[in-house]
Each structure stands twice: as structure tokens, then as C-alpha cells.
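A look at the structure
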Amino acid sequence: MSDLRSRLAVNAHTKLSDIDPRSTPGLPDLRHDPKDWSAQQVGEIGEQLAGYQERLFAAAKHETSKSRVLLVLQAMDCGGKDGTVRAIARGMNPAGLSAVGFGPPTAEERSHDFLWRIRRALPAPGMVGIFNRSHYEDVLVVRVHELVPEKEWSARYEQINAFEKELAGDDLTMVKVMLHISFQEQKERLADRLDDPAKYWKYNPGDLDERQRWDDYQRAYQDALTKCSTAEAPWYVVPADRKWYRNWAVATLLQETFAELDPQYPPADFDVNAERERLKSMP
Ligand code: ADP
């Protein structure tokens, strides 16, 4: 594989701290302004994604395939999950897309296994799903804040791997992306939010408390990424300090995944020529 997936995929030896959040791996030689180039590329890739999405949907409607695709986005606060969703979803058909965000679990959700709410939110056959946060919060925030005993969260890596393997066997292709920003970039983005009244709604004073636990979170990410990057559901780390690179990289990861999946329109389940003749004979 010489595609972007192989460059960004996490393996057992990946060290998050060795990945520069400002780097731009896999980028072709650019003659143009990178921001303009990226916007144009993301637009073109978006058209391809919409085509794949339609074939996926059509195949499921006619039950020639049950394939579905799920993009899982994880990041530190200000990592750019919302901006990525906007950039990726723009070209796609909203009717075939389900975007779900996961906040702190409700009382009902807490009364079930941590994967319960995740199962309920999975894309149906033919759909493209986007998870803004996911079951990985249960080995990230939950671990950092010791919301459950270590014995419990440390068993979850295996549970997650088994869960994702089961989903892969059930025609779900998962693309797991960690948007990797630097400590400094987070500070700048938090400051931007405080400078712009139109961004106050995105700001939460608790974000600064979380920022103080940066190193704990990086350690938790390191483990989640390396323990749960599998052949069925690999993790990709996308350097995300540069938004234009981030958008291009996530769009490209999806495009490459779809190209391999290669969804096909279902064949006609009627006699096309007979229908043509019948139509011709009508007024
Ligand atoms: P965002 O910050 O992504 O815009 P929200 O403000 O709705 O979204 O909520 C996200 C918050 O929910 C984060 O602080 C996250 O750590 C928390 N959260 C998500 N999943 C869990 C979980 N399983 N347990 C505890 N907290 C969680």
C-alpha cells in the first residue's frame, strides 16, 4: 500500500510524541497556495465520496450489499473535529449520512455496558456514519479522570477490539482518525474562542482543567491508538495543526477506503429492454 493510509496508520511501534502536529505527510509537491489547493482537492474528493456514497446506498436498498462506512473522530479539545465534519460532509448527500456526537453518558446510558450507546448509533447498511467522539472516550476521559477503576477501563481495549472485529464481520468499515494537535496550537485556538463572541458557545471553562492534564491524555491516546489499531479497524493519526492539511488528509483517507471497498450499483431487477419498449409504446 503506497497510499496515505499506509503513511498515517498506527502500528505497535507508533509513538504519538514522535509525530509532529505541524507536519504534512504524503502531500504532493505543491505549486499553489496550500490552502487553495486543499480546498479544491477536498471539493473534488467530496464529489467522489458522494458517488461512492450513492452506490453504497443503492446497493443496500436493493440488498445486494450491506456495506456501511463509519468515520470515527477523536481529538483533544480544539482538535478540529467539528471543522473536519463540516469539510467532509459538505459534498455528501445528507440523506445517506448520520453524524453523531457523544457527550457524557446519560443515566440511562450509564446503566448499560459502555458499548450500548455506540451500538445504537451505528450506521445502517448503505449509510455513512460519522462519530464525533466515540467508545474511545471510555479509555480516554474515563481513564484520565478515573471514572471507573483501572481494572475496568484496562479491560476495555480487548473489548473494543472484539467489538470492532464483530462489526467488520458485519460489513462495517471503520476509519478511525485521531486529529493530532500540539499543546501550543490548542492554546491559540482556546484564545481565539475567548476573543470572538461568536465562539463563546464552543468554550467551556472546564477545557482549561482538561488542558492541565494534557500529558495524561497523551498517554491515554498512546495506549488507545497502539492497543486498538487492528487490521480490521486501523487507527490513523492525522497531524492537525494545519487545518488545510487535516481536511485533505481525512478526505483522502476516506476516499482511499471507499476505493478499496468499491461499492457497485445493483443490477436492474427488471427487464430493461422490455421496459424501454413498454415506455415507447405509451403516449
Ligand atoms: P464537544 O466537546 O466534542 O463539542 P460536548 O461538549 O457535547 O462535545 O461533550 C463532550 C464531553 O463529553 C467531553 O468533555 C468528553 O470528555 C465527555 N464525554 C464523552 N464521552 C464520555 C464518556 N464515555 N464518559 C465521560 N465523559 C464523556
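Structure shown above.
Think of each chain on its own: its residues are numbered from 1, step by step along the sequence as written. Selection of residues for local features in this predicted model requires a pLDDT of at least 70, selection of side-chain atom pairs for listing and counting requires 80 or more, and totals for whole chains, interfaces and linings are taken over all residues. As a convention, hydrogens and water are excluded, and side-chain values are obtained from all of the structure's heavy atoms.

Digging into the overall build of the chain
In plain terms, the rule: In DSSP terms, a helix is any run of H or I states spanning at least four residues, a strand is any run of E spanning at least two, and both are numbered starting from the N terminus. Here the globule rule reads 2.2 Å times residues to the power 0.38, and the radius of gyration is calculated from C-alpha atoms. Under the scheme applied here, a residue whose accessible area is under 20% of the maximum for its type counts as buried, over 50% as exposed, and between as partly exposed, the area being computed with a 1.4 Å probe on protein chains only. Residues count as neighbours in contact if any of their non-hydrogen atoms are within 4.5 Å of one another. Per-residue and other accessible areas follow the Shrake-Rupley method at a 1.4 Å probe size, with only the shown protein chains counted as cover for residues.
For the chain, the count of helices and strands is 13 helices and five strands. Here the C-alpha atoms of the chain give a radius of gyration of 21 Å, agreeing with the 19 Å that 2.2 N^0.38 yields for 283 residues. When burial is assessed residue by residue, the chain has 47% of its 283 residues classed as buried. At a minimum sequence separation of 6, the contacts of the chain that also span at least 24 residues come to 81%. Taken as a whole, the chain presents about 15,100 Å² of accessible surface, with 49% of it coming from carbon and sulfur.

A few points about the pattern of salt bridges
A side chain of one charge can pair with a side chain of the opposite charge when the charged atoms of the two come close. Spelled out, the test is: Here a salt bridge means any side-chain nitrogen of Lys or Arg lying within 4 Å of a carboxyl oxygen belonging to Asp or Glu.
Applying the stated criterion across every chain, the model contains 18 salt bridges. With a shortest N-O distance of 3.7 Å, Glu256 and Arg5 are connected by a salt bridge. Note that Glu256 is positioned in helix H12 (residues 243-261) and Arg5 in helix H1 (residues 4-8), a separation of 251 residues in sequence. A relative accessible area of 13% means that Glu256 is categorised as buried. Two residues, Arg143 and Asp223, come together in a salt bridge whose shortest N-O distance is 2.8 Å. Of the two residues, Arg143 sits in helix H6 (residues 141-144) while Asp223 sits in helix H11 (residues 214-227), which places them 80 residues apart along the sequence. Arg143 gets classed as buried once you look at its relative accessible area, which sits at 15%. Residue Asp223 is classed as partly exposed on the basis of its relative accessible area, which comes to 23%.

Regarding the packing of aromatic side chains
We count it as follows: Pairing of aromatic rings covers Phe, Tyr and the six-membered ring of Trp, with a centre-to-centre limit of 6.5 Å; geometry is then stacked below 30 degrees between planes, edge-to-face above 60, and tilted otherwise. We call a charge positioned over a ring when the NZ of a Lys or the CZ of an Arg lies within 6 Å of the ring centre and within 35 degrees of the ring normal.
A complete count under the given rule lists eight aromatic pairs for this structure. Where Trp37 meets Trp248, the ring centres are 5.6 Å apart and the plane angle is 50°; that geometry is what we call tilted. Taken as a pair, Trp37 in helix H2 (residues 34-61) and Trp248 in helix H12 lie far apart in primary sequence, 211 residues in all. On the basis of relative accessible area, Trp248 is assigned to the buried category, the value being 6%. On the basis of an interplanar angle of 80° and a centroid distance of 4.9 Å, the ring pair of Phe102 and Phe131 is categorised as edge-to-face. Taken together, the positions of Phe102 in the loop between strand S2 (97-101) and helix H4 (107-110) and Phe131 in strand S3 (residues 128-132) put the pair 29 residues apart, joining distant regions of the chain. Each member of the pair, Phe102 together with Phe131, is buried. Among the aromatic residues, those joined into a ring-pair cluster are Trp37, Trp244, Tyr245 and Trp248. Over the face of the ring belonging to Phe114 we find Arg156, whose NZ or CZ atom lies 4.5 Å from the ring centre. Positioned above the aromatic ring of Phe183, the side-chain terminus of Arg211 is 3.7 Å from the ring centre.

Points about the pairing of strand S5 (residues 235-239)
Burial analysis of S5 places five of its five residues in the buried class, which makes it a mostly covered element. The side-chain alternation of S5 yields two buried faces, one formed by Trp235, Val237 and Pro239 and the other by Tyr236 and Val238.

A look at the packing of helix H3 (residues 81-89) against H12
Defined as follows: Note on geometry: axes are lines fitted to C-alpha atoms, helical ones only across the stretch in contact, with angles between N-to-C directions running from 0 to 180 degrees. Roughly parallel refers to an angle under 35 degrees, roughly antiparallel to one over 145, roughly perpendicular to one between 65 and 115, and oblique to any angle outside these ranges. Crossings are assigned a handedness: left-handed for a near helix turned anticlockwise from the far helix by less than a right angle, right-handed for a clockwise turn.
Two elements in contact, H3 and H12, have axes whose closest approach is 10 Å; the angle formed by their N-to-C orientations is 55°. Classified by the angle their axes make, H3 and H12 are oblique. Of the two elements, H3 crosses H12, and the hand of that crossing is right-handed. Side by side, H3 and H12 meet where Gly83, Thr84, Ala87 and Ile88 of the first sit next to Arg246, Asn247, Val250, Ala251 and Leu254 of the second.

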